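# A closer look at the structure
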Amino acid sequence: MNNSAGNPKSSFLDVLLRWLGLSRQTSENAPGQALIPPDNTTEPARIITSHVLYVIYDPVMDSAGTKLTTKMNWNRPDDLANAYIQDLLEVSGGLARYEIVQRVELNEFPALTDGFRYTPPSFLAVWNKTQPAHQPQYADYQALLTGLNVIPAITNHEIDEVWLIGPPYGGFYESTMCGTGAFWCNSDPQKWSSSCNRRFIVMGFNYERGVGEMLHSFGHRCESTLGQTFAGLQGKDNLFKQFVLYDKVAPGQAQLGTIHFPPNAQKDYDYNNPRQVASNCDDWRNFPTFKKEARLVNADEWGNGDMRLLHKWWLSHLPKVAGRINGVANNWWQYCLDPNLINL
């Protein structure tokens, strides 16, 4: 992870509330807590460059050598990754910079926790609904990451995180965290990896879906990491709790909402609701000097149900300016990209 200074151009809700109520523990940024600069208005927003191992599961499906993505006419994994990188660069104002430094393409389906792997015929049978999906459904992260020599690469700073992409039923979490001091990141931490001296995140993508779903996964990652970043702050000092307010839980006080609940949402994934509610979403452009600017908003603001536009809208409002308040940098992107910067 290259961190540099600069300022360039149960229900999901239950889980989110649990994240925001987490207690702080000892940090692994060792030894003891990481040194935190005093509050100030001038500390430059860090540019975070994260080096990625990109692992593509795209098995050959027939004797002609046809890959699964080609057979099913699904998205090209490299196109998805490039678009995802560019979207995050854009909405972060240039502060979030991903570089794929290692790319591995595997002619296999991921191994699940009981050792099962789909074959081309069994996968197609599940896809065509002529047989049920295998249970247990999740990938064996310990076997997968060990086989790829991920822990030594993380320890040696060759890579900073891992992106897995595969087909439906691949068993990937949207995101999961590894390493000493790992915490909830839209899934339970990978406790087996605690000997690794750096925290790192493994993203899980599906090439049958699009960039919008990739940003959705990243948004949940931000909810987890920012929930942990602000976990020790209460009341109005917990700015992330304010950021995620929406009208249903805080009538008349909506801000940006959550990844599942935009400001006017009445239910999960209520992304195309025309109902207008008062929101202070624009005021987050003024952070940290709020002007109490509220106005009526609805789905017209975030793409009328287009998942990619919605999540770009939400992510673009994350603070990314100079300074530090209550020990937390005013550039929240650094915590979304690098969990080692979060004091536990």
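This section reports on the structure supplied with the text. This one's a predicted model, so the numbers in the text were calculated from it and none came from an experiment. (Residues numbered from 1 in each chain as written. Predicted model: local features only at pLDDT ≥ 70, side-chain atom pairs only at ≥ 80, totals over all residues. Heavy atoms only, no water.)

## Concerning the packing of aromatic side chains
Our working definition: A pair of aromatic rings is counted whenever rings of Phe, Tyr or Trp (Trp by its six-membered ring) have centres within 6.5 Å, and the orientation is called stacked for planes under 30 degrees apart, edge-to-face for over 60 and tilted otherwise. Strands are runs of DSSP state E lasting at least two residues, helices are runs of H or I lasting at least four, and both sets are numbered from the N terminus onward. Burial here depends on accessible area, computed with a 1.4 Å probe over protein chains only, as a share of the maximum for the residue type. Under 20% is buried, over 50% is exposed, and the range in between is partly exposed.
Tallied over the full model, the rule gives 33 aromatic pairs. Judged by centre distance (5.8 Å) and plane angle (70°), the ring pair of Phe 287 and Trp 332 falls under edge-to-face. In this pair, Phe 287 is assigned in the loop between strand E7 (277-279) and strand E8 (295-297) and Trp 332 in the loop between strand E10 (328-331) and helix H10 (333-337), connecting sequence segments 45 residues apart. For the residue pair Phe 287 and Trp 332, the accessibility class agrees, reading buried in each case.

## Some thoughts on the packing of helix H3 (residues 77-91) against helix H9 (residues 307-316)
Test applied: Helix axes use the C-alpha atoms of the stretch in contact, all axes being lines fitted to C-alpha atoms, and the angles between their N-to-C directions lie in the range 0 to 180 degrees. Handedness of each helix crossing follows the sense of rotation of the near helix against the far helix: counterclockwise by less than a right angle gives left-handed, clockwise gives right-handed. The criterion used for residue contact is that any of the two residues' heavy atoms lie within 4.5 Å. Three classes are used, and their members are as follows: Ala, Val, Leu, Ile, Met, Phe, Trp, Tyr, Cys and Pro are nonpolar, Asp, Glu, Lys and Arg are charged, and the others, Gly among them, are polar.
Between H3 and H9, the least distance of the axes is 9 Å, while the angle of their chain directions is 35°. At the point where H3 passes H9, the crossing takes the right-handed sense. The residues of H9 that touch H3, namely those facing Ala 83, Asp 87, Leu 88, Glu 90 and Val 91, are Arg 308, Lys 312, Leu 315 and Ser 316. When the residues that make up the contact of H3 with H9 are grouped by side-chain class, the tally is four nonpolar, one polar and four charged.

## Structural notes on the environment of Leu 337
Tracing the sequence through the fold places Leu 337 in helix H10. Residue Leu 337 is classed as buried on the basis of its relative accessible area, which comes to 2%. Taking the C-alpha atoms as reference points, Leu 337 and Ser 50, 287 residues apart in sequence, are found 7.3 Å from one another. What Leu 337 contacts, discounting residues up to four positions off in sequence, is Met 1, Ile 48, Ser 50, Ala 96, Arg 97, Tyr 98, Glu 161, Phe 218 and Arg 221.

## Concerning the pattern of salt bridges
Here is the rule we go by: Any carboxyl oxygen of Asp or Glu that lies within 4 Å of a side-chain nitrogen of Lys or Arg is treated as forming a salt bridge with it.
Taken as a whole and assessed by the stated rule, the structure comprises 15 salt bridges. One salt bridge connects Glu 105 with Lys 67, and the closest N-O pair in it is separated by 2.5 Å. Here Lys 67 lies in the loop between strand E2 (46-57) and helix H2 (68-71) and Glu 105 lies in strand E3 (residues 96-106), a separation of 38 residues in the sequence. A salt bridge links Arg 275 to Asp 247; its shortest N-O distance comes to 3.6 Å. Separated by 28 residues along the polypeptide, Arg 275 in the loop between helix H8 (239-243) and E7 and Asp 247 in the loop between H8 and E7 bring together distant segments of the chain. Given a relative accessible area of 13%, Asp 247 falls into the buried group. Salt bridges here are not isolated pairs; linked through shared partners, they connect Lys 67, Asp 78, Arg 103 and Glu 105.

## Notes on the nonpolar core
Heads up, the condition is: Think of a nonpolar core as a cluster: buried Ala, Val, Leu, Ile, Met, Phe, Trp, Tyr and Cys residues, connected wherever their side-chain atoms sit within 4.5 Å.
By size, the foremost hydrophobic cluster in this structure holds 69 residues, and its most contacted members are Trp 163, Phe 218, Trp 314, Leu 315, Leu 318 and Trp 332. For this core, the element with the most residues is H3, which contributes seven residues. If we ignore the near neighbours within four places in the chain, the residues touching Phe 218 are Tyr 84, Leu 88, Tyr 98, Met 203, Leu 315, Trp 333, Cys 336 and Leu 337. Ranked by size, the runner-up nonpolar core spans 20 residues in total, among them Val 150, Cys 196, Phe 200 and Val 202.

## Considering the environment of Leu 112
Inspection of the secondary structure puts Leu 112 in the loop between E3 and helix H4 (120-127). Taking the C-alpha atoms as reference, Leu 112 lies 50 Å from Glu 293; in sequence the two are 181 residues apart.

## Concerning the packing of helix H7 (residues 211-229) against H9
As a reminder of what qualifies: Roughly parallel means an angle under 35 degrees; roughly antiparallel, over 145; roughly perpendicular, 65 to 115; everything else is oblique.
Two elements in contact, H7 and H9, have axes separated by 8 Å at closest approach and are oriented at 30°. The angle between the axes of H7 and H9 places the two elements in the roughly parallel class. Both H7 and H9 take part in a crossing whose hand is left-handed. Note on element contacts: H9 touches H7 through Met 307, Arg 308, His 311, Lys 312, Trp 314 and Leu 315, opposite Val 211, Gly 212, Glu 213, Leu 215, His 216, Phe 218, Gly 219, Cys 222 and Glu 223. Grouping the amino acids of the contact of H7 with H9 by side-chain chemistry returns seven nonpolar, four polar and four charged.

## Some details on the pairing of E2
We apply this condition: Only strands joined by at least two bridges in the DSSP assignment are considered to pair.
For E2, the buried fraction is high: eleven of the twelve residues fall into the buried class. Two elements, E2 and E3, share ten bridges in a ladder whose sense is parallel. When the sheet's bridge partners are listed, Ile 56 is paired in E3 with Glu 105.

## Notes on the side chain of Gln 334
Tracing the chain through its elements places Gln 334 in helix H10. Setting aside anything within four residues of it in sequence, one finds Gln 334 in contact with Arg 46, Ile 48, Arg 324, Ala 329 and Leu 341.

## What to know about unusual backbone geometry
Following Gln 135, the chain continues into Pro 136 via a peptide bond in cis, with omega recorded as 0°. Looking at the secondary structure, you find Pro 136 in the loop between H4 and helix H5 (141-147). A cis amide bond, omega 5°, links Phe 287 with the succeeding residue Pro 288. Tracing the sequence through the fold places Pro 288 in the loop between E7 and E8. Phi is positive for Asn 304, which is not a glycine, with a value near 50°.

## Section: the environment of Glu 293
The cut-off we apply is this: N or O atoms closer than or at 3.5 Å make up a polar contact, with two conditions inside protein: a donor-capable atom paired with an acceptor-capable one, and, for residues adjacent in sequence, both atoms drawn from side chains.
Considering the arrangement of structural elements, one finds Glu 293 in the loop between E7 and E8. Ignoring any residue separated from it by four or fewer positions in sequence, one finds Glu 293 in contact with Ser 279, Asn 280, Asp 283 and Asn 286. A polar contact of 3.3 Å, which involves the side chain of Glu 293, links it to the side chain of Asn 286.

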